Every structure is written in C-alpha cells, then in structure tokens.
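Chain by chain, the residues:
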Amino acid sequence: QVQLVESGGGLVQAGGSLRLSCSSSGRALGDLFMAWFRQVPGKERMFLTSISRGGMYKYPASSVKGRFAISRDNAKNMVYLRMNNLTPEDTAVYYCAAKSAYSDSERDYTRWDDFDYWGQGTQVTVSS
C-alpha cells in the first residue's frame, strides 16, 4: 500500500511563505502521479496543482499560478508545495494525493476521486 504523510503546516503571517512536504512510502515515488488539494470546512476539496512522475510537467490550477509551486524529489520520496504571498483565504487543510495508473490525460486529473491515495492533511492558517 501507499502511505502519504503531509507536514510543514502552521501559522503564518499574511504575505509570508510556507513550504509543505509530503513523504511517501510503500511504492517508489517515481511510479506515482502526485497532486496537492486543499479544503475549507463546509466546502469541497479543491485542486491546487499536480506534477508528472518525472517532474517534467506541472499542471497548476489557474487560481494559484505564479504563487504556488509543486516539486518532487523521487530519490527522497518527497513532494513539496511552496506557497508565496499567502493571504487569509489560503487558510485550509492541505492534502497530497497520488495516482498509480499512467494516463496520457493526466493534466485532466483535478477531481478528488481521480486519485487513489491521500494523506491525512496538514493545517495552514494565515493571519492578517
């Protein structure tokens, strides 16, 4: 089985930056298509960005282009999300997700049920 564990969340001041990490185990990270989502209580889980297995291609949502950046280090079984210029609207629980099956249409994977594995999430709170 694949296990994913997020870390790096916490309290940050508006305008600041934060780097989230996702540690994977159970399978080689290079076999997995990875993504980040976030969720606010009472709202649906929202896609943020994803990255191809080798890291060559990235598919950010329009809402976070230029502000959030996904990266991966397959040798370390780690995926990262760098967040800049944070605002209180970025306050949410952030999740990493993985999909094992390869597809030529991976850029279209933006729904929560497109993915096979999820971490437990890490809380990010942005103060004014």
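Our structure's up above, just so we're on the same page.
Conventions used here
- Residues numbered from 1 in each chain as written.
- Predicted model: local features only at pLDDT ≥ 70, side-chain atom pairs only at ≥ 80, totals over all residues.
- Heavy atoms only, no water.
- Disulfide = S-S within 2.5 Å.
- Helix = DSSP H or I, 4+ residues; strand = E, 2+ residues; numbered from the N terminus.
- Buried < 20%, exposed > 50% of the residue type's maximum accessible area, 1.4 Å probe, protein only.
- Contact = heavy atoms within 4.5 Å.

> Explanation requested: the state of the cysteines in the structure shown.
The final tally for this structure, using the stated rule, is one disulfide. Here Cys22 engages in a disulfide with Cys96; their sulfurs sit 2.1 Å apart. The sign of the 55 degrees torsion about the S-S bond sets the Cys22-Cys96 disulfide as right-handed. With a gap of 74 residues between them, Cys22 in strand E3 (residues 18-25) and Cys96 in strand E8 (residues 92-99) connect regions that are remote in the sequence. You can call Cys22 buried: its relative accessible area is 1%. Judged by its relative accessible area of 0%, Cys96 is buried.

> It is not clear to me how the environment of Ser24 should be interpreted in this structure. Could you clarify?
Structurally, Ser24 can be placed in strand E3. On the basis of relative accessibility, which here comes to 5%, the residue Ser24 falls in the buried class. Along the chain, Ser24 and Val2 lie 22 residues apart, while their C-alpha atoms are 7.0 Å from each other. Ignoring sequence-local partners within four residues, the contact set of Ser24 consists of Gln3, Leu4, Leu29 and Asn77.

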